[in-house]
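Commentary on secondary and tertiary structure
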Amino acid sequence: MIEKENYILDEGFLGTKSLFTKQNKFSFSLFLDKNEETRKSFKELEKILKEENVTVKRLYTPNVYHITRVIDIDELPEDNFKSADYDGILLSTTGDKSDAIITRDLSKTLTVMPGDCIVIALIDEKAGIKGILHAGWKGLIDGIIVNTIEMFKEKGANVNNIKGILFPSVSMNCYDLEEDIIVGFRKFAKELGLNEEEIISYNPEKDRYNIDLRKLALTQIKKLGLKDDNMKTMEYCTYSNKDEKGNYKFHSHRRDRTLSMNMALFLGKGKGKGKEK
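Next up on the list: the pattern of salt bridges. Going through the model one piece at a time under the given rule, you end up with 26 salt bridges. E78 is the salt-bridge partner of R58, the closest N and O atoms lying 2.5 Å from each other. A residue pair is termed long-range when its members are at least 10 positions apart, and R58 in strand β5 (residues 58-61) and E78 in the loop between β6 (70-72) and β7 (81-86) qualify at 20 residues. Residue R58 is classed as buried on the basis of its relative accessible area, which comes to 17%. Across the pair R186 and E179 runs a salt bridge whose closest N-O atoms are separated by 3.1 Å. R186 sits in the partly exposed class, given a relative accessible area of 26%.

Below you can see the structure in the form of structure tokens.
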């Protein structure tokens, strides 16, 4: 894992590059209002891609809605996508709501723009299947990871060959929930074979409970059959991590209460150097 000035980079654990932007503002308005702010974000993204000697013409993203639906984008007709063109980069989301997408076209670049939620990129190179998923607390407990792995298997993937990267997300110390939500996580932890103390901690100052979403996600992934060695985590907290000047590295919805998002990118495999799509 390499930390650069404007992004976190994994150079090839998934057979191609995966990166997570720093200090670059994306937002929910990407498909609604191509304003100067969103154009600037894509100009910054172009600089990052150029630095990595990568050309991207199209980005595919799920229509995130904190649900558990997984969509195979290869099966969608073109008119089902909602797209916006940013000076040569076409950003396309599924017309239907979904929190995960998969494809058999390994040249496709997949992305999710999270505020603090978990994003996981997955691939079975032998089967030729890749995907990306978004999981907030609701999607996690309701089964978005399970549904994604199940669709991988339906398409011919072998869990022994699936590899994944968990991108930066909010850490346990910075994430808290109310008692009525925690009740469901106590049951969830028990189902995964975890002790409550491992993933839930009462915060008396807030009268709320801190919860370790990352550990829950990784434990569930292991329970589904993925090997420990086939998972890698970008160990950064989107809420609290700062640079040497004391500035926050990432956008955080929970911290700032704005619509600014980060971008997790799972680049496509090209047919030649610098030709990922």
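This paragraph deals with the packing of helix α4 (residues 179-191) against helix α6 (residues 213-223). Interaxial distance between α4 and α6 falls to 10 Å at its minimum, and their mutual angle equals 35 degrees. In this structure, α4 meets α6 at a crossing whose hand is left-handed. Residues F185, F188, A189 and E191 of α4 touch α6, and the partners they reach there are L213, L216, Q220 and K223. Each residue belonging to the contact of α4 with α6 can be placed in one class, and the counts come to 5 nonpolar, 1 polar and 2 charged.

Rules used throughout
Residues numbered from 1 in each chain as written. Predicted model: local features only at pLDDT ≥ 70, side-chain atom pairs only at ≥ 80, totals over all residues. Heavy atoms only, no water. Salt bridge = Lys/Arg side-chain N within 4 Å of Asp/Glu carboxyl O. Helix = DSSP H or I, 4+ residues; strand = E, 2+ residues; numbered from the N terminus. Buried < 20%, exposed > 50% of the residue type's maximum accessible area, 1.4 Å probe, protein only. Axes fitted to C-alpha atoms, helices over the stretch in contact; angles between N-to-C directions. Left-handed = near helix turned anticlockwise from the far one by under 90°. Contact = heavy atoms within 4.5 Å. Nonpolar A, V, L, I, M, F, W, Y, C, P; charged D, E, K, R; others polar.

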